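Close look at the chain arrangement
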Amino acid sequence: MTDTIMDIADPEHDFKPTLDPRGERTVKADRWDRRSYNNSAWKVPEFRDVRDQLFEVTDTAWAEMEDVWALLAKANPKLLPKEAVRTDHVINHEVNSAIVEDPRYEELSFMTMGDPVGAALATKDLAPALIKLYERNKQLQDKLKEQQEAEEERLKKLVEAANAASDGDEDGAGGLLAEADEMGEDIAKAMKGIQHELDGSAAAMQSVVGKAMEKALDGQEAQFALARGFDLSKADLIRQDPSERIKFAKLLDNPRIKQVAEFFGALVNLTRTRTRRRRGIPHETIGVMMGSEIDRLLTEQLALLDDPDLEMVFLADFADGRLLQYDVEGSEKVGKGGMAVGVDCSGSMQGAPLNWAIAVTLVLFGIACREKRAFRAVFFNTRVLQQIEFTDRAQIVDNIEKIASIAASGGTQFQGPLENLLSGLEGEAGETPQSDMVFITDGQAHVDPEWQENFHKRMNKIGGKMWGIAIDSYGDGESLASLCEGRVCPVKDLRPSATKSIKSIFDGITTYRGS
């Protein structure tokens with residue numbers, strides 16, 4: 001049977017009438033928070049899956065997942081005092097206190113604040129640690145549940161005593177009150193012992209939480225680094241279709257893509273471009289304007305999120321781009337023609353060399369996105385294995401998945417891939433052409449002299465330059481050097497400290513060669 005949003009928002013839960021005025025939640029929230037949480041849970045199936053897994057080990061799973069989400073999604077979340085939380089949910093308070101006290105919490109919550117889907121994804125990443133903690137503390141949970149039941153019985157005695165007193169049965173009321181007092185003493189004594197056990201497990205709990213927070217933070221940082229490389233802001237990610245957002249986050253679950261991302265993170269820092277001053281690009285604050293860029297909002301606008309009555313006003317203005325944000329002036333990359341990259345996928349490129357070459361390709365695509373340049377990537381051995389047109393940032397996920405499926409095999413042949421790349425650049429040449437081709441290989445191949453001469457003429461016609469990256473290249477290197485007219489960067493070591501030499505290629509590509 002297909003779930004509806006109400007099935008997910010209010011799953012079958014053993015709700016029972018209670019006299020206990022305390023609540024199940026450990027984080028202060030209102031109906032708007034609950035609505036945002038339900039929408040997020042609906043949009044992220046993986047979140048619901050891990051919530052179900054947590055429910056298998058604790059009855060407090062529903063409240064706990066919502067509390068952790070709130071700690072990450074809200075602008076100024078407040079952990080309620082333990083006295084305001086039901087006894088059977090005290091374990092949630094202990095876990096969430098450990099989360100808030102972790103030194104990585106502030107940085108993680110800054111990344112997910114105001115991003116309901118992002119908060120749901122980060123909560124999903126924390127869930128395995130939560131499951132581990134609740135499994136370890138099963139006996140404590142049973143004891144807390146037992147004390148909650150005892151507290152319910154004590155409250156019933158108090159109600160019975162009040163009813164007896166109103167009926168004029170003072171003796172009966174007095175006896176019931178005495179029983180309630182005795183039960184209260186027993187509960188207090190038991191709770192003191194349980195708290196002692198909780199205090200004893202605090203260090204182990206903090207250790208598990210700390211490792212989970214580090215992993216969740218690493219995942220968020222990797223996603224944001226990848227996004228920034230393609231000129232995607234936090235606001236862009238928030239506006240992304242949830243299914244695409246989830247696909248983007250899951251890219252890093254692939255070990256190969258994870259290594260590509262690690263190379264990418266180091267390489268993208270090497271990119272530098274010639275710039276010009278332009279209003280609207282973050283660098284210097286020059287005033288206030290209307291918009292919806294989270295990183296530039298005035299603090300007064302973010303403060304609206306802390307008021308249940310004003311939060312909907314904030315969300316409506318955010319959707320319409322009518323929030324007050326800082327107006328800034330900074331640098332913009334000057335425009336150019338198309339960019340094309342050829343990646344050698346011969347057998348000798350297997351493993352880290354090919355993954356590093358893919359990372360370079362993605363860095364170059366990021367440059368093309370920022371400079372609004374057409375981009376083509378060709379993966380080849382003795383023939384063209386895959387040709388990918390990167391025309392829109394929305395295609396990033398699908399194209400990375402395509403690239404990750406390419407296997408290194410066979411030999412190397414240059415002319416066919418180069419003809420493909422050059423034809424693409426010729427089709428993108430504008431009135432003031434400046435085209436760039438990057439060719440990444442670890443080998444050499446024969447190129448017909450007449451073809452090469454014509455190749456250079458065609459490149460010159462579109463203002464093109466070819467740049468070569470030779471990965472641990474063997475042979476005399478003459479064919480690649482001749483094709484690139486000397487613009488070849490040798491790379492012998494793929495460690496970040498040893499690959500800074502390719503910065504000269506990034507600089508050359510991003511330097512405006514016009515008048």
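Residues numbered from 1 in each chain as written. Predicted model: local features only at pLDDT ≥ 70, side-chain atom pairs only at ≥ 80, totals over all residues. Heavy atoms only, no water.

Turning next to helix α15 (residues 308–320). For α15, every residue scored as buried is listed here: Glu311, Phe314, Asp317 and Phe318. Down the axis of α15, the smallest arc covering the buried residues is 130 degrees, so these residues share one side. Exposed residues lying more than 90 degrees from the buried face of α15 are Asp309 and Ala319. Within two residues after α15, Gly321 carries a phi angle of roughly 70 degrees, on the positive side. (Buried < 20%, exposed > 50% of the residue type's maximum accessible area, 1.4 Å probe, protein only. Helix = DSSP H or I, 4+ residues; strand = E, 2+ residues; numbered from the N terminus. Arc of directions from axis to C-beta.)

Let's shift gears to a nonpolar patch on the surface. A cluster of nonpolar side chains, contributed by Val288, Met290, Leu324 and Tyr326, occupies part of the molecular surface with about 340 Å² of accessible area. Among the elements of the structure, β1 (275–291) and β2 (323–333) are those that each provide at least two residues to the nonpolar patch. Mapped onto the elements, Tyr326 comes out in strand β2. Assessed through its relative accessible area of 34%, Tyr326 is described here as partly exposed. (Patch = residues over 30% accessible without salt bridge, like charges linked within 9 Å, V, L, I, M, F, W, Y side chains within 5 Å. Areas by Shrake-Rupley, 256 points an atom, 1.4 Å probe, with all protein chains shown as cover. Salt bridge = Lys/Arg side-chain N within 4 Å of Asp/Glu carboxyl O.)

This paragraph deals with the environment of Glu221. By secondary structure assignment, the location of Glu221 is in helix α10 (residues 202–229). When the C-alpha atoms of Glu221 and Met111 are compared, they prove to be 8.4 Å apart, with 110 residues separating the residues in sequence. With near-sequence residues (within four places) excluded, Glu221 lies in contact with Glu107 and Met111. (Contact = heavy atoms within 4.5 Å.)

Core analysis: the biggest nonpolar cluster contains 105 residues, and Trp356, Leu364, Ile469 and Ile502 have the highest contact counts within it. Considering every element that reaches this core, the biggest residue donor is helix α16 (residues 352–370), with 13 residues. Setting aside residues no more than four positions away along its own chain, Leu364 makes contact with Met339, Val341, Phe375, Val438, Phe506 and Ile509. The next biggest cluster of nonpolar side chains, apart from the first, holds 21 residues, and it includes Val378, Phe414, Phe439 and Met459. (Core = buried A, V, L, I, M, F, W, Y, C linked by side-chain atoms within 4.5 Å.)

A word on the confidence of the model for the protein chain. Looking at the protein chain, pLDDT values average 83 and 87% of them are 70 or higher. Considering only residues more than four positions removed or in separate chains, one finds that residues 1–15, a stretch of pLDDT under 50, has 18 contacts. In this model residues 272–283 is a low-confidence stretch, pLDDT under 50, and it forms 47 contacts with partners more than four residues away in sequence or in other chains. (pLDDT = per-residue confidence, 0-100.)

Below, the discussion takes up the pairing of strand β3 (residues 339–344). Of all the six residues making up β3, six are buried; the element is thus mostly covered by neighbouring parts of the structure. Here β3 shows a buried face lined by Met339, Val341 and Val343 and a second buried face lined by Ala340, Gly342 and Asp344. Where β3 lies against strand β4 (residues 375–380), six bridges are found, and the strand directions are parallel. Following the sheet pairing, Ala340 is matched in β4 by Arg376. (Pairing = 2+ DSSP bridges.)

Scanning the model with the defined rule gives 26 salt bridges in all. Of the charged contacts in the structure, one is a salt bridge between Glu94 and Lys82, with a shortest N-O distance of 2.6 Å. With Glu94 in helix α5 (residues 90–101) and Lys82 in the loop between α4 (61–73) and α5, the pair connects residues that are 12 residues apart, well separated along the chain. Residue Lys82 is classed as partly exposed on the basis of its relative accessible area of 26%. Residues participating in the shared-partner salt-bridge network are Glu24, Arg25, Arg34 and Glu66.

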